[in-house]
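Listed below are the residues making up each chain.
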Amino acid sequence: MGVLMSRRQTVEKVQKVSLAVSAFKDGLKDQPSARQRAEAEGARRGTLEQTVQEGEDEACAGPSQPEESSTSKAAWERLRDGRGVEPEEFERANRFTPPAFIRPTRELHDDEPLDISLEQREQVVNDEMCEICEVWTAESLFPCRICSRVYHDGCLRRMGYLQNDSAVEVTETAHTETGWSCNYCDNLNLLLTEEEMYSLMETLRQCKIIPDTSLTLDDFLHYKHLVHKQQFEKPMEEAQEERATLQFSALDPEKKGHIEWPDFLSHESIQLLQKLRPQNSLLRLLTAKERERARTAFLALDQDSDGFIGESECHKARHTWFRKHQKETPSCNVSISHVGPMSESSPASSGSSRSQEKTLLATEQEEARPVDWPAFLRDNVAYILAARPN
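Think of each chain on its own: its residues are numbered from 1, step by step along the sequence as written. Given that the model is predicted, a residue must reach a pLDDT of at least 70 before its local features are reported, and side-chain atom pairs must reach 80 or more before they are shown or counted; all residues, however, enter totals for whole chains, interfaces and linings. Processing note: side-chain calculations cover all non-hydrogen atoms of the structure and skip hydrogens and water entirely.

**Q** For the overall build of the protein, give the residues involved together with the corresponding values.
**A** To qualify as a helix, a DSSP run of H or I must reach at least 4 residues; to qualify as a strand, a run of E must reach at least 2; elements of each kind are numbered from the N terminus. Scanning the protein for helices and strands turns up 16 helices and 6 strands. Three labels apply to residues, based on accessible area from a 1.4 Å probe with only protein chains included: buried if under 20% of the type maximum, exposed if over 50%, partly exposed otherwise in between. When burial is assessed residue by residue, the protein has 41% of its 390 residues classed as buried.

Take a look at the structure:
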């Protein structure tokens, strides 16, 4: 049962929101150049190569040009602060100001074992008030499929989180089994702490990767080569380069020849989480909805109800339940291993004959290897988190 609001409370709440919007509009009148500045900055956006060249030209200019590229500087600030689209970059009329995001912190004992019961189901309940305006209007709220937050589509538009091309997607999928991820859950980079984010930004800077730019295959491989050499102090082997190429292909399912910045950032954020955090710490990131979805997947595979499933069944769940949903091709079986580690049995690696041979040889061993509920969660936690983006 929802919390019913009285007519007086509703009127007061709407009046507060109206006053906030009016104040916001009045403030915009004093800043007429904001849109012009955004259009000038947006015109400077380009490919990775162009942006890097601009940065190198400015660096060569020396002290005579103290102002660095405003586009590049703003992009680094957004990456550091965990923000998406900057308010100045879209039409500000009738917009709310996005709240400041505070990155999570590691708890003292978050790497200790975590007991998640298989038998004890969790009651998943969505919030009753819109996350933005804190007003309850029942069926018109759109729930997030990952967390308990709910939103009005109008509030999402005023915050700049819902553009014209994504409005239909939210309306059609929010109340379906596929569901829709809110702006917090859709951005995997927001799972990183300040220290982890600093580590990622340093790596991107050293490899001359500029935020908000798309990457071609050559850019991606160049980045992977540099990261591998920094970490292991030796060149990347041919098999590892082939693995990176398969990851790029999975990140570019529509074969555009480049990968978008949000997909690349999610990929690197998950890789960093796996590198720096133990699995117990990653398990603490799962929400009640994700844990319930994992229970449903395990119980469906455990047909004899003995508490164990085969390794091949575990892989089946990984590539069926925990995959990144495709917008245009719902039947596509592209695994979310393009965000997490590329596994040998991933459909994205089907082009490699060596991977297929290894998969066939390991099938019998996998079927004989039992996997219990705790191991199922540990093995799939990175894939569950990687399936969050829309």
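**Q** For the pattern of salt bridges, give the residues involved together with the corresponding values.
**A** Every case where a carboxyl oxygen of Asp or Glu lies within 4 Å of a side-chain nitrogen of Lys or Arg is listed as a salt bridge. Counted by the stated rule, this structure contains 10 salt bridges. Between Asp110 and Arg106 there is a salt bridge, with the nearest N and O atoms lying 2.6 Å from each other. Take Asp110: its relative accessible area is 8%, and that puts it in the buried class. Classification of Arg106 as partly exposed rests on a relative accessible area of 35%. Across the pair Glu122 and Arg295 runs a salt bridge, and its minimum N-O distance is 3.0 Å.

**Q** So, helix α8 (residues 194-206): which residues are in play, and what are the values?
**A** Between its first and last C-alpha, α8 extends 18 Å over 13 residues, near the 18 Å set by a 1.5 Å rise per residue. Here α8 has its buried residues at Glu196, Met197, Leu200, Met201, Thr203 and Leu204. Summarising the axial view, the buried residues of α8 lie within an arc of 160 degrees, below the 170-degree limit, and thus occupy one face. Facing away from the buried side of α8 by over 90 degrees, the exposed positions are Glu194, Glu195 and Tyr198. Looking one or two residues past α8, Lys208 carries a phi angle of roughly 60 degrees, positive in sign. One less than the residue count of a helix, multiplied by 1.5 Å, gives the span that helix is expected to have. Throughout, the arc means that of the directions going from the helix axis to the C-beta atoms.

**Q** Explain the packing of α8 against helix α9 (residues 217-232) residue by residue, including any values.
**A** Closest axis-to-axis distance for the α8/α9 pair is 10 Å, and the angle between their directions is 115 degrees. Both α8 and α9 take part in a crossing whose hand is right-handed. Here Thr203, Leu204 and Gln206 of α8 lie close against α9, whose contacting residues are Tyr223, Val227 and Gln230. Under the convention adopted here, Pro, Cys and the residues Ala, Val, Leu, Ile, Met, Phe, Trp and Tyr are nonpolar, Asp, Glu, Lys and Arg are charged, and Gly plus all remaining residues are polar. Taken together, the residues of the contact of α8 with α9 sort by class into 3 nonpolar, 3 polar and no charged. What counts as an axis is a line fitted to C-alpha atoms, over the stretch in contact for a helix, and the angles between N-to-C directions run from 0 to 180 degrees. When the near helix sits turned anticlockwise from the far one by under a right angle, the crossing is termed left-handed; a clockwise turn instead gives a right-handed crossing. What makes two residues a contact is simply this: any of their non-hydrogen atoms within 4.5 Å.

**Q** Let's hear about the nonpolar core: which residues, and what values?
**A** Think of a nonpolar core as a cluster: buried Ala, Val, Leu, Ile, Met, Phe, Trp, Tyr and Cys residues, connected wherever their side-chain atoms sit within 4.5 Å. Among the nonpolar cores identified, the biggest contains 47 residues, and Leu79, Leu204, Ile209, Phe264, Trp373 and Phe376 are the most heavily contacted of them. In terms of residue count, helix α16 (residues 373-386) provides more of this core than any other element does, 8 residues in total. Each of domain 2 (188-276) and domain 3 (278-322 + 370-389) gives at least three residues to this core. Note that domain bounds follow an automatic or database assignment of domains.

**Q** Report on the environment of Val150, specifying residues and quantitative values.
**A** Note on placement: Val150 falls in strand β2 (residues 150-152). By relative accessible area, which is 4% here, Val150 ends up buried. Taking C-alpha positions, Val150 is 6.9 Å from Asn126, a pair spaced 24 residues apart along the chain.

**Q** Please set out the packing of aromatic side chains residue by residue, giving values where relevant.
**A** Note on aromatic pairs: the rings of Phe, Tyr and Trp (six-membered ring only in Trp) are paired at centre separations within 6.5 Å, and the planes decide the class, stacked below 30 degrees, edge-to-face beyond 60, tilted for the rest. A full pass over the atoms with the stated rule returns 8 aromatic pairs. Relative to Phe248, the ring of Phe220 lies with its centre 5.8 Å away and its plane at 50 degrees, an arrangement referred to as tilted. One end of the pair, Phe220, is in helix α9; the other, Phe248, is in helix α10 (residues 238-251), and 28 residues separate them in sequence. We note that Phe220, like Phe248, is buried. Where Tyr223 meets Phe264, the ring centres are 5.2 Å apart and the plane angle is 75 degrees; that geometry is what we call edge-to-face. Residue Tyr223 is found in helix α9, and its partner Phe264 is found in helix α11 (residues 261-276); the two are separated by 41 residues along the sequence. The pair formed by Tyr223 and Phe264 is uniform in burial state, with each residue classed as buried. Two conditions define a charge sitting above a ring: the NZ of Lys or the CZ of Arg must be within 6 Å of the ring centre, and it must be within 35 degrees of the ring normal. Sitting over the ring of Tyr184, Arg149 keeps its end group 4.3 Å from the ring centre.

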